[in-house]
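For reference, the chains in residue letters:
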Amino acid sequence: MPSPRMEAKTARVRVAAAAVNFPDVLLIADEYQLSVPAPFIPGSEFAGEVLEVADDVRNVAVGDRVFGSTMVGAFAEEVVVTATSLTRIPEGVEARQAAAFGVAHRTAFHALRSFARVRSGDELIVLGAGGGVGLAAVQLGVVLGATVTAVASSAPKLDVARANGATRLVDHSAGDLRALLKGLLPEGADAVIDPVGGTLSEAALRSLHYGGRFVTVGFAAGEIPRIPLNLVLLKGISVTGFQMRDFGAHQRDELERNEAELMELLASGRVTPHIGATFPLEEAAAALRYVADGHAVGKIVLEVS
Ligand SMILES: NC(=O)c1ccc[n+]([C@@H]2O[C@H](COP(=O)([O-])OP(=O)(O)OC[C@H]3O[C@@H](n4cnc5c(N)ncnc54)[C@H](OP(=O)(O)O)[C@@H]3O)[C@@H](O)[C@H]2O)c1
């Protein structure tokens, strides 16, 4: 492919590593909220080095180590993006870690901080706790002082959730999730982060106590659940949905506060993304298939250069 073209306000980045996200799979399948006309280069998050900047760019310079996210184009040796969307990689953080940090951790942190309003001492249930967003929510829920109950479909995923700070582990393939959660949390939980949907959502929502907060983040199970509103009414539950691009548009101040806190967590080494597998760029299709089939543990990274 030819190198992507520069325009005003853009920077060209030599991609060192890119991470695979579930929305990449949805976009390729044309099942995402937005359509991108084919052909396109997939890939929505990356880290690397600035090669070139447009004349009007001030926030980054040639040679800077940066990471960022985009809709498409990151599974390539070079990507051109709006320069202000780039962030410098903190000292001591590897490019592959930075590439794996952008989407999942930002999604999880904004959802926990501004929507689930998780505080120290809270009981937090995380669905899909072995996946990208879920494992990030486990790590960040612990940082915010919550006691985390991780829900996933296999022992390897739950082992990683435990290693990342989850206190209680639930294998939802072992039986009825509502009953399993009731056994572990008889008083109910304060909050749920749900990146999975399907049949797990209602069971998790029923496991909240009065006034609990349920945050829907995505539907990796492929099924959008329908929740009976009487459950919401009887327990005074708040149900909210988080979506990255709308959050930035509507709650700019809160987004900036959260992003500053999150960068501090990355720079200080308090939070490091768990990279479950890496693939070379040539095997990007296999990496996408791996994520599409629900095998990913934490983040899947493509090593580009
Ligand atoms: N709202 C936002 O701004 C935003 C941002 C990023 C991602 N998302 C969404 O969040 C969801 C999770 O993303 P992710 O990157 O964490 O994905 P992921 O790493 O693939 O994890 C998704 C988890 O969903 C579960 N799952 C259940 N049925 C599945 C199926 N049929 N196929 C694949 N996974 C299945 C799996 O957990 P178990 O095996 O444990 O059941 C898997 O670990 C996606 O729907 C994505 O589009 C939303």
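Going by the structure above, here's the rest.
This is a predicted model, so every value here is computed, not measured. (Residues numbered from 1 in each chain as written. Predicted model: local features only at pLDDT ≥ 70, side-chain atom pairs only at ≥ 80, totals over all residues. Heavy atoms only, no water.)

Trainee: Before we move on, could you go through empty space enclosed by the protein and cite the residues and values that matter?
Mentor: If you walk through the whole model with that rule in mind, you get one cavity of 30 Å³ or more. Considering the residues around the largest cavity, the lining is formed by His105, Gly131, Gly132, Leu135, Ala136, Gln139, His274, Gly298 and Lys299. When residues of the lining of the largest cavity are assigned to their parent elements, the largest contribution, four residues, is made by helix H4 (residues 132-143). A per-class count over the lining of the largest cavity returns two nonpolar, six polar and one charged. (1 Å grid on protein atoms, 1.4 Å probe; cavity = no way out; pocket = protein on both sides within 12 Å on 5 of 7 lines; lining within 4 Å. Points joined across faces, edges and corners; volume = space filled by probe spheres on them. Helix = DSSP H or I, 4+ residues; strand = E, 2+ residues; numbered from the N terminus. Nonpolar A, V, L, I, M, F, W, Y, C, P; charged D, E, K, R; others polar.)

Trainee: A description of the pattern of salt bridges should follow, citing residues and the corresponding values.
Mentor: Scanning the entire structure with this criterion turns up 16 salt bridges. Residue arginine 5 pairs with glutamate 7 through a salt bridge whose shortest N-O separation is 3.7 Å. On the basis of relative accessible area, arginine 5 is assigned to the exposed category, the value being 66%. A residue is classified by how much of its surface remains accessible, and glutamate 7, at 48% relative accessible area, is partly exposed. Here arginine 289 ties to aspartate 293 by a salt bridge, and the two come within 3.2 Å at their closest N and O atoms. Among the residues examined, arginine 289 registers a relative accessible area of 52% and is labelled exposed. Exposure remark for aspartate 293: the relative accessible area of 41% places this residue in the partly exposed category. (Salt bridge = Lys/Arg side-chain N within 4 Å of Asp/Glu carboxyl O. Buried < 20%, exposed > 50% of the residue type's maximum accessible area, 1.4 Å probe, protein only.)

Trainee: Can you lay out the environment of valine 297 for me, pointing to particular residues and giving the numbers?
Mentor: Considering the arrangement of structural elements, one finds valine 297 in the loop between helix H11 (284-292) and strand E13 (299-303). A relative accessible area of 16% places valine 297 in the buried class. Sequence separation between valine 297 and histidine 274 is 23 residues, and the spatial gap between their C-alpha atoms is 7.9 Å. In this view, valine 297 contacts Gly130, Lys157, Val160, His274, Ile275 and Gly276; residues no more than four positions away in its chain are not counted. (Contact = heavy atoms within 4.5 Å.)

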